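Residues per chain are reported as follows:
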Amino acid sequence: MKFSKLLIGLSLGLGFIAAASAQTTMKISISTAQNSHQGVAIDTFAREVEKRTGGRYKVQTFYNGALGGERESIEAVQLGTQELAFSSTGPIPNFVPETKILDVPFLFRDKAHARAVLDGPIGQEMLGKFDAKGFKALAWAENGFRHMTNSKRDVKDPTDLKGLKMRTMENPVHIAAYKGFGIITTPMAFPEVFTALQQGTVDGQENPLPVIISAKFDQVQKHLTLTGHVYSPCIFVMNKASFDKLSAADKQAFLDAAKEGTKVNRARVDEDDAKGVADLRAKGMTVIDNVDKAKFVAALAPVNAEFEKQFGKANLDKIRNYK
Ligand code: EAX
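What comes next is a walk through the structure. On a predicted model such as this, the values are computed, not experimentally measured, just so you know. (Residues numbered from 1 in each chain as written. Predicted model: local features only at pLDDT ≥ 70, side-chain atom pairs only at ≥ 80, totals over all residues. Heavy atoms only, no water.)

1. Details of the site of the ligand
Around the ligand lies a shell formed by Ser31, Thr32, Gln38, Glu70, Ser88, Asn143, Arg146, Arg167, Met169, Phe190, Asn207 and Val211. The side chain of arginine 146 places a nitrogen or oxygen atom 2.9 Å from an oxygen atom of the ligand. Here the ligand has 260 Å² of accessible area as a free molecule, and 99% of this is covered by the chains. When atoms are counted within 2 Å of each cavity's grid points, the one that captures over half of the ligand is the largest cavity. Here the residues of the shell around the ligand sort into three nonpolar, six polar and three charged. (Near = heavy atom within 4 Å. Polar contact = N/O pair within 3.5 Å; in protein donor to acceptor, adjacent residues only side chain to side chain. Areas by Shrake-Rupley, 256 points an atom, 1.4 Å probe, with all protein chains shown as cover. 1 Å grid on protein atoms, 1.4 Å probe; cavity = no way out; pocket = protein on both sides within 12 Å on 5 of 7 lines; lining within 4 Å. Sits in = over half its atoms within 2 Å of the grid points. Nonpolar A, V, L, I, M, F, W, Y, C, P; charged D, E, K, R; others polar.)

Spelled out as structure tokens, the structure:
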């Protein structure tokens, strides 16, 4: 009798402890390395979620495409088999077509312009478009201005791009634009890119300095040109049902944690941009950092005319002229 009472008491006590420390674990992934602008974004996010929810939510972080490439991770978030992902906008138009406009070449003057648009009404309205597709978009973050690398030759002029076989993201805007340069485009998920460059399956690729550095592309690419042809946003996305289940306070905690992640992420992009060229030169890359951008813009005039038809000139101008 006494013994069974003790047992009941014990199990009640244990049950209480278990309830008090109930912890939900979620997953978030990136396709780049932990030591990168994306790594610091999700590490900061995970830490902030845990802190701001009193440890009730724990976010497990996965790097280097361990859970798949960006398209696969977005798909997993949409299905709910993975709660969270941090991704470039590369594959996102396949899920939320409204985001396609952000990857139009030479749309943003500089990072300050891009950040202002994303954090302002245009960007915030676009975050709302994710809801209908099964996502909660928590915050914009940054991949950076994309530049071209290849193993064949110095690209000083847009005509130097003709005939280069380059890996592109799985993004229709990128593919159309690079074809406009005369590039032979090969869409491919990021985790496959290093090997494709190493084996010569493709001659080149294009990515922001923080990606080129963290992926060690200098080991397999000789020539870098600072074309800055596309500004590449990143985004924190969450499965909508997982977000909706949170209490109001926890929702705010996740949103705030993503904002903290973005702050650290953008600061790291600035840092990598500031020292990237010197670093990559020291590692043996030839860096062309004084291209005549107007020539690259001019080379894309026919493609841009297409984009103006597709997206509406007024919509593009609204972004271009945003102050
Ligand atoms: O998000 O696929 C890409 O080139 C992306 O820029 C890269 O995965 C970083």
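2. Focus on unusual backbone geometry
Phi is positive for phenylalanine 106, close to 50 degrees, though the residue is something other than glycine. Its location among the elements puts phenylalanine 106 in the loop between strand E3 (84–88) and helix H4 (111–119). Given the relative accessible area of 18%, phenylalanine 106 is considered buried. The phi angle at lysine 216 is positive, at roughly 60 degrees, despite the residue not being glycine. One can find lysine 216 in the loop between helix H8 (209–214) and strand E8 (223–239). (Helix = DSSP H or I, 4+ residues; strand = E, 2+ residues; numbered from the N terminus. Buried < 20%, exposed > 50% of the residue type's maximum accessible area, 1.4 Å probe, protein only.)

3. What to know about the environment of glycine 228
Tracing the sequence through the fold places glycine 228 in strand E8. For glycine 228 and isoleucine 30, which are 198 residues apart along the polypeptide, the C-alpha to C-alpha distance reads 23 Å.

4. Looking at the side chain of arginine 115
Residue position: arginine 115 is located in helix H4. A relative accessible area of 16% means that arginine 115 is categorised as buried. Within the structure, arginine 115 has its side chain in polar contact with the backbone oxygen of arginine 266 (distance 3.3 Å). Polar contacts involving the side chain of arginine 115 include one to the side chain of aspartate 270, which spans 3.0 Å. The contact partners of arginine 115, leaving out residues within four places of it in the chain, are Glu142, Tyr231, Arg266 and Asp270. (Contact = heavy atoms within 4.5 Å.)

5. Re the pattern of salt bridges
Counted according to the given criterion, the structure contains 26 salt bridges. Across the salt bridge formed by arginine 71 and glutamate 75, the nearest N and O atoms sit 4.0 Å from each other. Remark: glutamate 75 and arginine 71 occur in helix H3 (residues 70–79); sequence separation between them is four residues, near one turn of the helix. The class for arginine 71 is partly exposed, based on a relative accessible area of 31%. Arginine 281 serves as the salt-bridge partner of aspartate 289, at 3.3 Å between the closest nitrogen and oxygen. The class for arginine 281 is partly exposed, based on a relative accessible area of 39%. (Salt bridge = Lys/Arg side-chain N within 4 Å of Asp/Glu carboxyl O.)

6. Concerning empty space enclosed by the protein
Counted according to the given criterion, the structure contains one cavity of 30 Å³ or more. Here the largest cavity defines a volume of roughly 130 Å³. Contributing to the lining of the largest cavity are 20 residues, with Glu70, Ser88, Arg167, Met169 and Phe190 lying nearest its centre. Mapped by element, the contributors of at least two residues to the lining of the largest cavity are H3 and strand E4 (135–150). Across the lining of the largest cavity, the residue classes break down as seven nonpolar, eight polar and five charged. (Points joined across faces, edges and corners; volume = space filled by probe spheres on them.)

7. Structural notes on the pairing of strand E7 (residues 204–208)
Working note: regular strand, side chains alternate between the two faces of the sheet. The buried fraction of E7 amounts to five of the five residues, a majority that puts the element mostly inside the structure. Of the two faces of E7, the one carrying Gly204, Glu206 and Pro208 and the one carrying Gln205 and Asn207 are both buried. Examined bridge by bridge, E4 and E7 share five bridges and lie antiparallel to one another. Opposite arginine 146, over in E7, you have proline 208 as the bridge partner. (Pairing = 2+ DSSP bridges.)

None of the figures reported here should be taken as evidence of function without further support.
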